[in-house]
Amino acid sequence: MFQKTHFKLLGISSLCLLSAGCTEKSNDSSVKLPSKPNVIIILADDIGYGDLSCNGEPTINTPNVDNLATQGVRFTDAHAVAATSTPSRYSLLTGNYSWRRNDTHIAAGDAAMIIQPEEYTFAQMFQQAGYTTAAVGKWHLGLGRARGEQDWNGEIDYGPREIGFDYSYIMAATGDRVPCVYVENQQIVGLDAENDPIAVSYTTPFPGEPLGKDHPELLTVMKPSPNHGHDQAIVNGISRIGYMKGGEKALWLDENIADSITAHAVSFIRENKDAPFFLYFGTNDIHVPRVPHPRFRGKSGMGPRGDAILEFDWSVGKVVQAIKDIGAENNTIIIITSDNGPVIDDGYMDQAVELLGDHRPWSDFRGGKYSNFEAGTRIPLIVALPGYTQQSVSDASVSQIDFFASFAHLIGANLPKDAAKDSQNQIDVLLGNTTVGRTHVIESAGSLSISDGEWKYIEPSKRPRYNNLTDIELGNDRLPQLYNLKNDIGEKNNLYLDNPDKLNELKNILESEKNKF
Ligand code: NG6
Ligand code: CA
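Rules and cut-offs
- Here the residue numbering is sequential within each chain, running from 1 through the sequence in written order.
- Each chain gets a letter, beginning with A, and each ligand a number, beginning with 1, in the order they are written.
- Local features in a predicted model are, by the rule used here, given only for residues with pLDDT of at least 70; side-chain atom pairs are given and counted only at 80 or more, and totals for whole chains, interfaces and linings are based on all residues.
- Side-chain numbers come from the whole structure's heavy atoms, not from hydrogens or water.
- Here a residue is considered near a molecule or strand provided that any single heavy atom belonging to it is located within 4 Å of it.
- Two N or O atoms form a polar contact when they lie within 3.5 Å of each other; inside protein one atom must be a possible hydrogen donor and the other a possible acceptor, and for residues adjacent in sequence the pair counts only when both atoms belong to side chains.
- Polarity classes work like this: nonpolar for Ala, Val, Leu, Ile, Met, Phe, Trp, Tyr, Cys and Pro, charged for Asp, Glu, Lys and Arg, and polar for all others, with Gly in that last group.
- Pairing between two strands is assigned when DSSP locates at least 2 bridges connecting them.
- The helix count covers DSSP runs of H or I at least four residues long, the strand count covers runs of E at least two residues long, and both are numbered beginning at the N terminus.
- To obtain an axis, a line is fitted to C-alpha atoms, over the contacting stretch when the element is a helix, and the angle between two such axes runs from 0 to 180 degrees between their N-to-C directions.
- Only protein chains enter the area calculation, which uses a 1.4 Å probe; residues under 20% of their type maximum are buried, those over 50% are exposed, and those in between are partly exposed.
- Working rule for contacts: check all heavy atoms of both residues, and any pair within 4.5 Å makes them a contact.

Participant: Even after reading the chapter, I still don't get the site of ligand 1, so can you show me in this structure?
Facilitator: By nearness alone, 19 residues border ligand 1, and Lys138, Asp176, Arg177, Asp346 and Lys369 come closest of all. In the environment of ligand 1, an oxygen atom lies 2.9 Å from a nitrogen or oxygen atom belonging to the backbone of Ser85. The separation between an oxygen atom of ligand 1 and a polar side-chain atom of His230 is 2.9 Å. Across the shell around ligand 1, the residue classes break down as 4 nonpolar, 8 polar and 7 charged.

Participant: Whenever I open this one, the sheet that holds strand S17 (residues 441-445) confuses me. Can you help?
Facilitator: For sheets, the rule is that strands pair by backbone hydrogen bonds, running either parallel or antiparallel. In spatial order, the strands read S17-S18-S19-S22; together these 4 strands make up an open sheet with antiparallel pairing. Because the sheet does not close on itself, it has two edges, and the strands there are S17 and strand S22 (481-484). Neighbour-to-neighbour, the strand axes of this sheet turn through a mean angle of 20°, independent of strand direction. Pairing between strand S19 (residues 455-458) and S22: 4 bridges, direction antiparallel. Within the sheet, the bridge partner assigned to Lys456 lies in S22 and is Tyr483.

Participant: Explanation requested: helix H3 (residues 85-94) in the structure shown.
Facilitator: Structurally, the α-helix is built with 3.6 residues per turn, so residues lying three or four positions apart point the same way. Counting buried positions over the 10 residues of H3 gives 10, a clear majority of the element. Along its buried surface, H3 packs onto strand S1 (38-44), helix H4 (122-128), strand S4 (132-138), strand S12 (277-282) and helix H7 (403-411). Looking one or two residues beyond H3, the residue adopting positive phi is Gly95, at roughly 70°.

Below, the structure written as structure tokens:
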């Protein structure tokens, strides 16, 4: 299950790769490392390590992802910074740990931009290096300058454009949060603002607008799970979080979201075939409400959750095909990863629990989304530059926090002082030239954890041990926790009393990281 692969490191290649600016590799790659490759990050939503068949579970089939894995590096110890979306995405795009701030928790659909104007972003780094940049799909990082004050009927004045994205076609927050519309270049798509303006609130219902909690008979597509909320505005027969009114023509159709955002990602690739581009593609799959297109329905045997995984895999296939079509296969780094670990029931009665069968979205890891245990942040990661990367499995410790500095190094971008403070250049790890990764990875899920690849320490916490709604062990304990991940990947045996030296070592590193900035 927990595979390890030993790499043959060729002396010349490793020496070469240690020197900055070296773009040659002397192993058996047929392709030289391009100096300005296209970069595509396909960031899935809530897809667990075990949800992609290349990671070993026999209960799911993701052929397009697996095919990419045969041309690249598949990681077994890769981490998102946080176990939920907003802090995870914030960290990836800024290279700064979300836990250094106290306002990066799960954003409402009318949240202000989380990324501050003075923060230098991953997209800006690409822009300054001459790339055209795009954000397509799930955003969930807030919009506008102040909460609830966005001009939804006009132009949103502070958004992806101001933080480095030349083009954007996004969902403001999540599928289960209003507003249920696409926002293209900071304007709602297809809105008749004059005759049917849109209004959004997270505090006050709009008189006359039926709510899910009062009108279960209108919830014809999906009902919320008991006690999970998600019972406010009704859009397409599904109740959501938040209140919304108007904008009828602009509303998305849930079953078409993957088609719509994938088509926009593909168009962006086609339109930019002649110059380097960076595409940040956040899929809606497999976040709730899971409403995959009818062509995927019933195909996984696991209900909408499994079918949405197949839809995700289809999106990956479309992006890969688009790259082939423009002839950029050997000049495009494609990254497949996820923003946090898996959850089965995250708020809707979609039979995910009932139809899960033997499938293990969390693989061998304990916990899930929201958890300090490994399944919270240990996410799938595949990095492929076909022709250059070799099929390999890497057990290096890696974190999405390092994408920023790694790609900056690769494309020769100079970062301003104070940019991406927590990000390290790990490009050789990401491209599979070495398996010596981070000395430690920090995981965040309310509490902080730190792992050196073998040992993991979870800070003591008074937070709940268990989330009854999602049926997930949160990994909180009033006692310090220390696990040996090599012998006990399921984090069952707390060894904090047995190995005080390791406990102190990891605790001290974590404290010094906390106090660094
Ligand atoms: C939670 C929602 C959950 C999901 C999550 C965000 C409730 C009870 N649960 O608060 O359904 O929307 O936020 O998920 O409201 S994330 O992947 O975008 O972080
Ligand atoms: Ca998520």
